[in-house]
Structure formats: structure tokens, C-alpha cells
Amino acid sequence: MTSHAAAAEGHAHEHHYTTTGLDNRKVAIWSFIGSECMLFASLISTYLIYKGRSVVGPLPHETWTDPSTGAVFKPILNIPITSASTFVLLMSSLAMVLALAAVENKDKPLPANAGWWDRQLASSKLWLWCTCILGATFLGFQAFEFTSFVHEGLTLRRNLFGSSFFTLTGFHGAHVTVGVIWLGSLLAIDYKRGLRPSDTLMVDIAALYWHFVDVVWIAIFTLVYLIK
Amino acid sequence: MATAATAPAYTSSESHGATGLMSWLTTVDHKRIGILYLHTSLFFFVVGGLEAIIMRYQLMRPNMQAVSAETFNQLFTMHGTTMVFLVIMPLSAAFFNFLIPLQIGARDVAFPRLNAFSYWVYLLGGVFITLPILFGLAPDGGWFAYAPLTTRTYSPTQNMNFWVLGVQILGVSSLAAAFNFATTIINMRAPGMNLMRMPMFTWMSFVVQWLIILAFPVITVALFFLQFDRFFGTNFYTVTAGADPLLWQHLFWIFGHPEVYILILPAFGLVSEVLPTNSKKPLFGYPVMAYSGILIGFLGFGVWAHHMFAVGMGPMADTVFGVTTMLIAIPTGVKIFNWIFTMWGGSLRFNTAMKYAIALIGMFTIGGISGITHASPPSDLQQTDTYYIVAHFHYVLFGGAIMGIFSGIYHYFPKMYGRKMDEGLGNLHFWLNFIALNLTFFPMHFSGMLGMPRRIYTYDAGQGWETFNLISSIGAFLMAPAMLVFLYNFFKSKKHGEVAGDNPWDAPTLEWSIPSPPPEYNFAQIPMVTSRYPMWDITHPERTAEIPHSTKGWDEARHRSDEHILPGGGHMADMAPAHIETAAKTASELDIPMPTPTIKPLLVALGMLVMVASLLPFFAGKTSAFVVLLAIGAGTMIYSLYDWLTTPLEEAH
Amino acid sequence: MAEHAVNPDHVREHPTWKQYKWVAAILTIITILEVWAYYIPAFVASSAFVPSLLLMSAVKFAIVVMFYMHLKYDHKLFRVLFTGPLVVAAATLVALVFLLATWIR
Ligand code: HEM
Ligand SMILES: [Cu+2]
């Protein structure tokens with residue numbers, strides 16, 4: 001039983017025997033994602049239920065005039081900006097799969113005729129950076145959106161729309177923030193000791209989380225922003 | 001077995017040389033964590049029981065003034081909250097922890113440190129939510145905490161904050177444990193332990209983990225809304241801002257109904273182990289039992305609004321939820337018949353565990369039948385919010401869940417401590433408890449039908465409720481001696497009980513193939529399983545002649561384990577066809593790597609609790625105290641979490 | 001599980017840049033279509049608007065899950081672990097909206 005030591009030195013967890021042959025962490029992250037489905041379903045349902053029930057504006061898609069002051073509040077959602085941030089998040093998912101592929105294929109030698117682009121594709125650092133930056137850009141858009149809404153008079157407390165909108169998109173934003181930190185720590189590991197194909201699973205579970213946060217946004221973008 | 005019966009009880013605590021307090025604070029052994037859960041929840045059981053006895057004293061006669069209305073509100077809120085979140089769920093968790101790895105032939109759970117974390121979060125959350133009652137500050141909005149009643153407008157004091165924060169914390173504990181056990185059951189089964197061979201307790205636990213995974217996020221969201229309303233002034237439950245007064249009720253019961261199955265299914269699982277063992281026959285209709293469990297779990301998400309018939313949802317919704325509720329009674333009834341057929345024609349052994357198991361069948365049936373009477377909306381309108389409902393849910397929860405768990409405690413005590421509990425005292429405990437249960441809750445059917453509402457702190461004479469209330473109170477007082485007998489038996493038997501040996505009940509499943517108490521690594525050789533009842537295959541092959549046998553899964557396991565480490569460490573050579581293990585060597589003698597004990601999960605839990613508690617001064621407008629607590633809590637949590645994630649599970653040898 | 005692949009975690013090879021770039025392109029095109037639809041008042045007013053938007057986002061959702069999250073390629077257990085909860089979540093959402101939303105009545 002001397003191979004213990006050898007296994008423990010390397011990445012012992014990679015080689016653990018399991019019933020299904022799958023890694024425990026991957027089974028756990030998928031169960032977690034299942035749980036998150038219910039979390040976001042509850043948040044989105046509440047937003048939808050409260051649609052059209054605010055007694056004061058500002059409102060998402062309609063103009064509202066304050067009967068006592070005559071102040072006019074324009075529809076508050078900014079579709080062009082949000083379309084841009086949606087695109088940014090979609091692209092971050094692309095960068096994420098490329099980062100995963102780069103880690104997975106680290107040990108495969110590049111073909112002799114590999115061009116500049118093939119070398120870029122093989123760089124896990126590049127794609128992790130891209131994912132992080134795109135994620136942070138999305139958060140920047142959200143920060144901009146939130147502050148401009150507050151300037152226009154929409155706060156958490158203002159009306160039902162404010163409460164349910166900020167809570168739903170805020171929860172999503174918090175998930176993106178956790179994702180950026182998670183990916184940042186992978187990047188730190190990559191700089192410290194280099195991510196190896198044996199680390200694929202570690203990157204894979206972060207990627208699954210990241211893509212899930214992306215699909216939640218796909219739902220939010222349509223249900224909250226586009227459908228009137 | 002003969003040798004084991006004479007050998008002194010094996011002590012499993014010699015690992016890493018620690019037995020003191022520190023070894024408990026740092027343990028990552030699922031069996032010790034299970035024992036921690038068991039003791040803590042028994043403690044909370046006493047607390048919740050005392051609250052109940054005070055309430056029953058107050059209700060013993062009309063117009064009593066033993067406690068004020070305000071105190072009474074705190075008592076019934078905390079009684080319900082305690083029994084659901086701090087007693088039955090963690091008692092079940094004690095068995096998840098102790099039994100699941102043993103039943104599936106694993107050396108550990110999938111994430112040992114996460115497991116410790118779940119326990120510490122439970123303990124700290126439980127203390128957080130329980131302490132305020134000593135200062136008259138306890139939550140007072142019912143265990144269902146109906147908003148808008150619980151919003152800041154109508155509950156302006158700190159009381160409800162302990163609930164909205166405490167239950168959130170407890171949810172973290174349940175969810176973390178659920179991911180852990182779901183992964184463990186999917187992924188850590190021994191070779192040949194196919195899904196259709198898992199012991200029924202593990203099956204029911206598996207369903208429960210999924211119920212937790214899917215139901216708890218919903219209450220998490222409902223609680224966030226309520227916290228935001230109370231702390232940050234949002235409008236989720238502010239009716240004047242256009243909010244729907246039913247939103248909380250819907251979200252709560254979407255969680256709440258699956259929750260009642262979270263409470264009962266583990267007990268169902270336990271009696272499904274006890275009944276075949278003590279009937280000396282395989283479980284009748286095993287696949288039907290498994291499938292009905294899944295069906296209950298699935299349908300359990302489609303019945304929640306039967307708690308809301310009185311709010312006027314309209315004929316359409318009432319009909320749909322009435323029908324789904326009646327449907328869910330079918331798989332539940334199927335289980336009852338399966339247990340009866342399991343006993344049918346068996347040679348029954350009436351020990352305490354068996355008596356409790358049979359009591360579950362009878363008492364749960366009474367609760368199930370009253371449940372069906374309020375599955376029909378018109379009939380429910382007569383019953384809702386009366387003592388009839390209180391009778392219903394105590395028959396299913398006390399008569400079902402608690403009876404099943406006591407059955408499990410008597411049955412598994414020898415496995416946990418190597419000694420049996422005293423049968424004489426067990427018998428006394430059983431009969432006292434059984435009589436007390438029926439004395440307390442049966443009359444409530446009548447007081448309820450006579451119109452006595454739930455949650456009232458006192459009542460006038462002359463409404464025909466006096467006798468029933470008096471009987472109920474006498475029954476409740478009788479529970480105290482029953483519990484004392486149990487606790488005496490429990491603590492005495494740990495030290496002085498009759499030495500049990502590996503398999504005192506001649507039971508059929510894997511947990512009985514190893515010494516009692518099990519060594520820290522559980523299985524010196526990972527058992528390779530050929531049927532549902534590996535132990536009976538060895539000791540009583542005639543009992544298992546009818547059930548399927550095969551070595552399906554062995555080849556694949558052999559193939560894969562050549563390159564891999566076995567569950568919890570070890571190698572191919574460590575696998576052997578299911579067998580009886582008696583040798584009690586240490587993990588290091590066997591060269592089985594064990595996870596390193598660590599305090600970090602406790603520190604993360606502590607940091608989280610402090611962080612959450614910082615909202616209390618925030619609520620009172622004490623900003624500096626808020627900031628300080630938040631910083632300390634967040635700092636501790638983030639630092640310990642980082643430390644945890646960057647430390648490997650096992651020390652390299 | 002029947003497939004005794006050497007590395008069952010990757011039952012089939014994951015796609016590469018060649019496929020990923022098309023996936024990204026399709027996602028982008030659908031997003032453009034969605035936003036475009038939003039700016040056509042006649043379409044917004046028609047009864048096809050909501051269903052077509054729901055359909056488009058469902059397609060995007062499915063594409064990300066199948067290709068980027070590799071559900072199309074990975075072990076079937078993961079498909080079960082995801083679709084089960086997704087179905088419960090979607091059913092709960094629909095039921096809640098029908099029970100409580102005022103705009104649907
Ligand atoms: C045969 C299956 C069952 C049926 C048909 C059923 C039906 C019901 C119905 C319709 C109600 C709402 C009554 C009302 O408030 O007007 C109810 C309440 C309740 N049931 Fe059941 N039930 C069943 C089994 C269970 C089980 C297994 C448990 C727990 C182990 C349970 C625990 C409860 C609790 C705690 C309440 C009261 C909740 C509250 O208002 O505080 N029930 N049941
Ligand atoms: Cu229910």
C-alpha cells in the first residue's frame with residue numbers, strides 16, 4: 001500500500017473511487033444548481049406577481065405621472081444598455097468554455113503548423129482573464145444601472161417594482177460577484193503553480209456555476225426587460 | 001459474533017489520540033457528528049417539551065392566568081419552531097450521519113468537513129433562536145410566521161428578528177448537509193450496492209435530501225423578503241403598497257408541505273429497518289416502498305395550498321389542491337400496508353424498538369385519516385385553525401415521526417455505543433409515551449370539532465371544552481416522566497448497558513457487519529454486495545432465497561478501483577465480498593487515510609452567526625455595534641473559510 | 001453505469017473552439033432578434049410577441065446548458081440532476097403566477 005503516499009502527494013481527490021465514476025464535487029455542484037433553480041424561480045415568480053401592482057412609479061415600461069406633484073416619471077428600464085451587458089455576459093460564457101478547454105488540453109502539444117490563434121486558444125490565463133473582466137464589466141453595467149435608477153427616483157423602498165426588481169437583479173449580481181471572485185482565485189492558482197489537466201475538474205465546477213448564472217440572466221433579460 | 005459479545009466495547013475515539021472536548025470540537029467523523037446531533041436535539045426536545053407543558057398547564061382549565069397572552073404566543077411559536085427545526089429534523093440528521101455511510105458500505109461521507117460545518121451551524125442557530133425566550137424576547141408569530149403580521153409594522157420589536165434570522169441560519173445547515181448526503185448516496189456506495197439494494201432508510205433519506213434541496217430555497221427567498229422588509233424597508237409584504245397578503249403564505253407552504261415529508265420520511269425509513277429485522281422477514285414490496293417514497297416526494301410539491309383553503313382561492317384552485325392532496329395519501333397508505341404485510345406471517349420479536357415501530361403504523365394512520373378529512377375544502381373549512389388540526393399534525397408528527405425516531409434510537413443504540421438500552425425501562429418508556437400521546441391528542445379531535453380555535457391563550461367555561469382540555473393537559477404532564485425514564489435509560493445504558501456485539505438483533509444490512517461501535521474507518525475491507533440483505537445471506541440464507549442476487553457492479557468496480565482510491569481511502573486489495581468484521585485495528589495499523597480533525601468548520605459557522613446577529617443592533621439603530629459585529633463576523637468567516645479551502649482534507653502520510 | 005469508459009466523466013469528447021464559436025454566434029443572433037422584436041411596435045402589440053420571446057430565451061437557455069455546460073456530452077446522471085429540479089421550479093413558477101398575478105386574470 002505504498003501508492004498512498006504517491007496519490008496523496010498528487011491530487012488525491014482526482015483518483016478517488018466513486019460508485020458512478022464521477023467526481024463528488026461535480027455531483028455536488030449539479031445538486032447545488034438544482035437548488036438554485038428553485039431559488040431563482042421563487043425570486044422571478046415574485047417579480048412577475050408584483051408586475052403592475054405598484055401604487056406609485058417609476059415603472060419599468062410605462063410612464064407614470066405623480067397625481068399630487070405632476071412630476072412625470074419615464075419608463076425606467078434602459079434596454080440598449082442592458083442589451084449590451086447581456087451580450088457581455090454571453091461572451092463571458094464563451095471565454096469560460098475556452099478557459100476550460102485550455103486547461104483540459106494543456107498537455108496536448110500544439111501541432112507544428114499552429115498559428116497565433118491556436119496559441120491563444122491554449123492559454124488558460126488569457127481566457128480566465130477574459131471571463132473575469134467580462135464578468136466585472138457586467139457588474140459595472142449593473143452598478144451604473146442601479147445608480148441611475150436611484151437618481152430617477154427608484155429605490156428599494158419606493159414601490160413594489162423597486163423592491164422586487166432590485167432584489168431579483170441584486171441576487172443575480174451577487175452570484176456574478178461570487179463567480180468573479182471564484183474565477184479570480186483560479187487565476188491566482190494559475191499564476192502560482194499553473195493549472196494542469198489534472199485541475200480540469202476544479203475549473204469545470206466553477207464553469208458550471210458561471211454558465212448557470214448566465215442562463216439565469218437569459219431568463220431575467222426576457223422576463224423582466226423585454227416583455228412588457 | 002460470539003467473540004464480540006464477550007469482548008469489551010470497542011472505543012473508536014483513539015484516532016489521532018484525542019478524546020477530550022477538543023476532539024469533539026474538531027471532529028469530522030460522521031459517526032461522532034451523528035452523536036453530537038443526537039445529544040443536541042435531545043436537549044432541544046426537552047426545551048420544546050417544557051414549553052408544551054407550560055402551555056398545557058395554562059389551558060388545563062378555563063380562564064387560567066398562569067402566563068400572559070404575550071408569553072403564550074412566544075411559547076407556541078417556539079414550541080413549533082423548536083420541534084420542527086431543532087428536534088425532528090436534527091434527530092433525523094443524527095441518523096443520516098451515523099447510518100448512511102454504514103448502510104452503503106462507505107468509509108465516510110463525501111465532504112466530511114462540510115458535515116461538521118452543518119452541525120455547528122445547527123447548534124449555533126439553535127442557541128440563537130432559543131435563548132431569547134429566557135428574556136421574554138422570543139419570536140411570537142407562530143412557526144409559520146405569517147406576513148404581514150410579522151412585518152415591522154405589526155411586529156415592531158426584536159422578537160421576530162430572532163426567527164427570520166435564526167431559521168435562515170438553520171436553512172444553511174440543512175442545505176449544506178443535503179448536498180453532502182445526496183452526493184454521498186449517489187457516489188459512495190460500495191460495489192454491488194445498486195440503488196435497488198439500498199437499505200430503505202437510505203432510500204427515504206435520499207428522497208429527503210432532494211426535498212430539502214428543492215424546498216429550502218423557497219423559504220430562503222421568503223425569509224429574505226421578510227428580512228428586507230423588516231431591516232431595509234422594502235415592500236414585499238406591505239399591503240398598502242400593493243403587496244399580496246398571500247405571497248408569504250404561498251411561499252411558506254411551498255416549503256412547508258415538503259417540509260412535513262422531510263420530517264416523516266426518515267422515521268418511515270427507520271421503521272422499515274426495524275420491522276423486517278424483528279419480523280425475521282424481508283421487507284414486503286421493497287420496490288414499491290422505494291417508488292412510493294419518490295412519488296410522495298414529487299407530489300409533495302403540488303399540494304401546498306391545502307393549508308390555505310380558508311383564504312378563498314376560488315373553486316378551481318381549491319379543487320386542484322384538494323385532489324392532489326387526496327392523491328398523495330395513496331402512496332402513503334401503500335407504505336402502511338407494506339409494513340403490515342412485512343409482519344404478516346413473521347415470527348415477531350416485541351422489543352422496545354418493535355413496539356415503537358408498530359405504534360408508528362397505528363398512530364400515523366390515525367393522523368393520515370384526519371389528514372384526508374381536511375383534504376376536502378368544504379370539510380376543511382369546519383376544521384381549519386381549530387384543535388382538530390392540532391390533533392392531526394401531532395398524530396403524524398408525534399405518533400409518526402417521534403415514534404419512528406424512538407424506534408430507531410432503541411434499535412441503533414447498540415451500534416452507536418456497543419451496549420443495549422435496558423428493555424424494562426424501554427418498555428416503561430414506551431407505554432408511558434403511548435398513553436400520554438393518546439391522552440393528550442385524541443381529545444383534541446373533539447375540542448376542535450366543538451370549535452376551539454388554535455393558538456388561543458385561554459377560553460371561557462361553558463363551551464364544552466373543559467373536559468377535553470383537562471384530559472389533554474394530564475396527558476401532556478405524563479410525557480415528562482416518560483422522557484425522564486428515557487433519558488435515564490439512555491445515559492445509564494451508555495456506561496452500564498448489556499454489551500451488545502456486532503449484530504444484537506440479527507439484522508440484515510451492512511451496518512451490522514462491523515464492530516459496535518464501529519471503528520473510525522467503518523469497514524476494514526469495503527464489502528462487495530450481492531443482494532439487499534448481505535448479512536442474512538450469510539447467517540440466514542433461507543430468508544433471502546426469494547430476493548434477487550447478482551454480482552452486478554463488481555467487475556466495473558474492480559476495473560475502476562485499479563486506478564482509484566476506495567471511498568474514504570484504501571485500495572483494491574481492501575475490497576472483499578460482504579463479510580462479518582471483528583478485528584478492531586486502528587486506521588493507521590490498516591494504513592487507511594482518515595481526514596484530519598479541524599476546528600475551521602466551527603469557526604466559519606461562528607463567523608456566519610456573528611455576521612447575521614449584527615442585524616439585531618442594526619434594527620435598533622445602533623450603527624456602530626452593527627458595523628463592529630459585521631466586521632468581526634465577516635472577517636472570521638472569510639479567513640476561516642479561506643484557511644479551510646486551502647488545507648487538504650487528509651494529512652499526507 | 002453501462003458505459004465503462006476509462007474516464008466516464010467525459011463520456012464523449014467536449015466540443016472545441018470550432019463548435020463554440022458557432023454556439024456564441026447563434027446566441028448573439030438570437031439576442032439581436034429579441035431586442036429587435038422589442039423595437040417593432042406592431043409586433044409588440046401582436047399576440048405573438050410574448051410567446052416568441054419566451055421561445056427565443058428558452059432556446060438560448062437550452063443551448064448554453066447543452067453545449068457550454070456540456071449536458072449534451074456528459075454523464076446522463078447530470079441531465080437528471082438538472083432537469084428534475086428545473087421541471088419542479090418551472091411548474092412552481094407557473095402555478096404561482098396563475099394563482100397570484102393580477103395581469104393574468
Ligand atoms: C395522509 C397524508 C396527509 C394529508 C392528506 C394531510 C393533509 C393536511 C391538510 C389539508 C392540512 C391543513 C389543514 C388546515 O390547516 O386547515 C394539514 C396540516 C398539517 N399537516 Fe398534514 N396531511 C397529511 C400528512 C401529514 C404528515 C405526514 C405530516 C408531518 C409529518 C403532516 C403535518 C401537518 C402539519 C404540521 C399541519 C399543520 C400546519 C399548520 O397549520 O401549522 N401532515 N395536513
Ligand atoms: Cu400539507
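Visitor: How do you make sense of the overall build of chain C when you look at a structure like this?
Guide: Assigned secondary structure in chain C consists of four helices and zero strands. When its helices and strands are written in sequence order, chain C yields α-α-α-α. Among the 105 residues that make up chain C, the fraction classed as buried is 46%. Long-range contacts, defined here as pairs at least 24 residues apart, represent 56% of the contacts in chain C between residues at least 6 apart. For chain C, the exposed surface amounts to about 5500 Å²; the carbon and sulfur share of it is 77%.

Visitor: How do you make sense of the confidence of the model for chain C when you look at a structure like this?
Guide: Low pLDDT means the predicted coordinates in that region are not meant to be read closely. All names here are of chain C. Across chain C, the average pLDDT comes to 87, with 89% of residues at or above 70. Mean pLDDT across the elements of chain C ranges from a minimum in helix α2 (residues 41-45), with 92, to a maximum in helix α4 (residues 76-100), with 96. Note that residues 1-11 has pLDDT below 50 and, in this model, 21 contacts with residues that lie over four places away or in other chains.

Visitor: I would appreciate a short explanation of the coordination of the iron atom of ligand 1 in the present structure.
Guide: Around a metal, the ideal angle is 109.5 degrees if four donors adopt a tetrahedral arrangement and 90 or 180 degrees if six donors adopt an octahedral arrangement. Looking at the protein side alone, the iron atom of ligand 1 has one donor only, B:His392 (NE2), at 2.1 Å. The distance between the iron atom of ligand 1 and the copper ion (ligand 2) comes to 4.6 Å.

Visitor: Which parts of the structure should I look at to understand the pattern of salt bridges?
Guide: Pairing of side chains with opposite charge becomes possible as their charged atoms draw close. Across all of its chains, the model carries 11 salt bridges over all chains by this definition. The salt bridge involving C:Asp74 is made with A:Lys26; its shortest N-O contact spans 2.7 Å. On the criterion of chain membership, the pair formed by C:Asp74 in the loop between α3 (49-68) and α4 and A:Lys26 in helix α2 (residues 24-49) is interchain, its members lying in two chains. We note a salt bridge from A:Asp107 to A:Arg196, for which the minimum N-O separation is 2.4 Å. On the criterion of sequence distance, the pair formed by A:Asp107 in the loop between α3 (79-104) and α4 (116-121) and A:Arg196 in the loop between α6 (160-193) and α7 (200-226) is long-range, its members being 89 residues apart. You can call A:Arg196 partly exposed: its relative accessible area is 34%. What emerges from the salt-bridge pattern is a single network uniting A:Lys26, A:Asp204 and C:Asp74.

Visitor: Where do I start with the domain arrangement of chain B in this structure?
Guide: Many structure descriptions define interface size as the accessible area lost when the parts assemble. All names here are of chain B. With domains assigned, chain B is organised as domain 1 (33-496), domain 2 (527-590) and domain 3 (600-646). Between the C-alpha centres of domain 1 and domain 2 there is a distance of 35 Å. Note on domain 1 versus domain 2: buried area summed over both sides is about 1600 Å², and carbon and sulfur give 59% of it. Between domain 1 and domain 2 we count zero salt bridges in total. Put simply, domain 1 and domain 2 have six residue pairs in polar contact (both at pLDDT 80 or more) between them. Residue assignment for the side of domain 1 that touches domain 2 shows that the elements contributing at least two residues are α8 (247-279) and α9 (286-299). A breakdown of the residues in the side of domain 1 that touches domain 2 according to their chemical character gives 10 nonpolar, four polar and four charged.

Visitor: What should I look at first to understand the packing of aromatic side chains in this one?
Guide: Any pair of aromatic rings gets described here by the distance separating the centres and the angle formed by the planes. Applying the stated rule across the entire model yields 83 aromatic pairs over all chains. A ring pair is formed by B:Tyr356 and B:Tyr410, whose centres lie 5.9 Å apart and whose planes are at 15°; its orientation type is stacked. Of this pair, B:Tyr356 sits in helix α11 (residues 352-373) while B:Tyr410 sits in helix α13 (residues 387-417), and the two are 54 residues apart along the sequence. On the basis of relative accessibility, which here comes to 0%, the residue B:Tyr356 falls in the buried class. Classification of B:Tyr410 by relative accessible area gives buried; the value is 4%. Joined through ring pairs, the aromatic side chains of B:Phe45, B:Tyr356, B:Phe406, B:Tyr410, B:Phe413, B:Tyr417, B:Phe430, B:Trp431, B:Phe434, B:Phe486, B:Phe490 and B:Phe491 make up one cluster. One cation-aromatic arrangement involves A:Lys125 over A:Tyr191; the distance from NZ or CZ to the ring centre is 5.1 Å. In this arrangement the basic side chain of B:Arg532 is found over the ring face of B:Tyr286, its NZ or CZ atom lying 4.0 Å from the centre.

Visitor: I'm lost on the interface of chain A and chain C in this one. Help?
Guide: Between chain A and chain C, the contact holds 47 residues from the first and 47 residues from the second. Both faces combined, the contact of chain A with chain C buries some 4300 Å², and carbon together with sulfur accounts for 78% of it. Here chain A and chain C share one salt bridge between them. Between the two partners, chain A and chain C, sit four residue pairs in polar contact (both at pLDDT 80 or more). When residues of the side of chain A that touches chain C are traced back to their parent elements, those giving at least two are α2, α3, α4 and α7 of chain A. Among the residues making up the side of chain A that touches chain C, the classes are represented as 31 nonpolar, 11 polar and five charged.

Visitor: How do you make sense of the site of ligand 1 when you look at a structure like this?
Guide: Residue and element names in this part refer to chain B. Around ligand 1 sit 22 residues in total, of which Trp143, Asp380, Thr384, His392 and Arg454 are the nearest. At 2.6 Å, a side-chain N or O of Asp380 approaches an oxygen atom of ligand 1. One nitrogen or oxygen atom from the side chain of Thr384 is found 2.6 Å from an oxygen atom belonging to ligand 1. Among the elements of the structure, α8, α11 and α13 are those that each provide at least two residues to the shell around ligand 1. Considering every element that reaches the shell around ligand 1, the biggest residue donor is α13, with five residues. Class assignment of the residues belonging to the shell around ligand 1 gives a composition of 12 nonpolar, eight polar and two charged.

Visitor: Would you mind showing me how to read the coordination of the copper ion (ligand 2) here?
Guide: All names here are of chain B. Protein coordination at the copper ion (ligand 2): the donors are His257 (ND1), His306 (NE2) and His307 (NE2), at 1.9 to 2.1 Å from the metal. Each donor residue of the copper ion (ligand 2) lies on the same chain, and together they follow the pattern H-x48-H-H. Judged by its relative accessible area of 14%, His306 falls in the buried class. The exposure class of His307 is partly exposed, given its relative accessible area of 29%.

Each value, and the rule that gives it
- Within every chain, residues take consecutive numbers counted from 1 along the sequence as written.
- Key to labels: chains lettered from A, ligands numbered from 1, both in the order written.
- pLDDT decides what is reported in this predicted model: residues at 70 or higher carry local features, side-chain atom pairs at 80 or more are listed and counted, and totals for whole chains, interfaces and linings draw on all residues regardless.
- The basis for the side-chain values is all heavy atoms of the structure; hydrogens and waters are excluded.
- Think of it this way: any DSSP run of H or I at least four residues long counts as a helix, any run of E at least two long counts as a strand, and we number them from the N terminus.
- Whether a residue is buried, partly exposed or exposed follows from its accessible area with a 1.4 Å probe, protein chains only, as a fraction of its type maximum: under 20%, in between, or over 50%, in that order.
- Any two residues having at least one pair of non-hydrogen atoms within 4.5 Å are treated as being in contact.
- Residue exposure ignores everything except the shown protein chains as possible cover, and the areas themselves are Shrake-Rupley values with a 1.4 Å probe.
- Each residue carries a pLDDT score, the predictor's confidence in it, ranging from 0 to 100.
- A donor here means any N, O or S atom no more than 2.8 Å from the metal (3.2 Å for Na, K and Ca); water is not included, so a site may seem to lack partners.
- For this analysis, a salt bridge means a side-chain nitrogen from Lys or Arg found within 4 Å of a carboxyl oxygen belonging to Asp or Glu.
- Domain extents, as shown, originate in an automatic or database domain assignment.
- Summed over both partners, the accessible area (1.4 Å probe) lost when two parts come together is defined as the buried area.
- Each polar contact in these results corresponds to two N or O atoms within 3.5 Å; when the atoms are within protein, one needs to be able to donate a hydrogen and the other to accept it, and residues that are neighboring in sequence are counted only if both atoms are side-chain atoms.
- Following the grouping adopted for this structure description, the nonpolar residues are Ala, Val, Leu, Ile, Met, Phe, Trp, Tyr, Cys and Pro, the charged ones are Asp, Glu, Lys and Arg, and the polar ones are all others, Gly among them.
- Stacked, tilted and edge-to-face pairs are distinguished by plane angle, under 30 degrees for stacked and over 60 for edge-to-face with tilted covering the rest, among Phe, Tyr and Trp rings (Trp via its six-membered ring) whose centres lie within 6.5 Å.
- For a ring to carry a charge above it, either NZ of a lysine or CZ of an arginine must fall within 6 Å of the ring centroid while also lying within 35 degrees of the normal to the ring plane.
- Being near a molecule or strand, for a residue, means having at least one of its heavy atoms within 4 Å of it.

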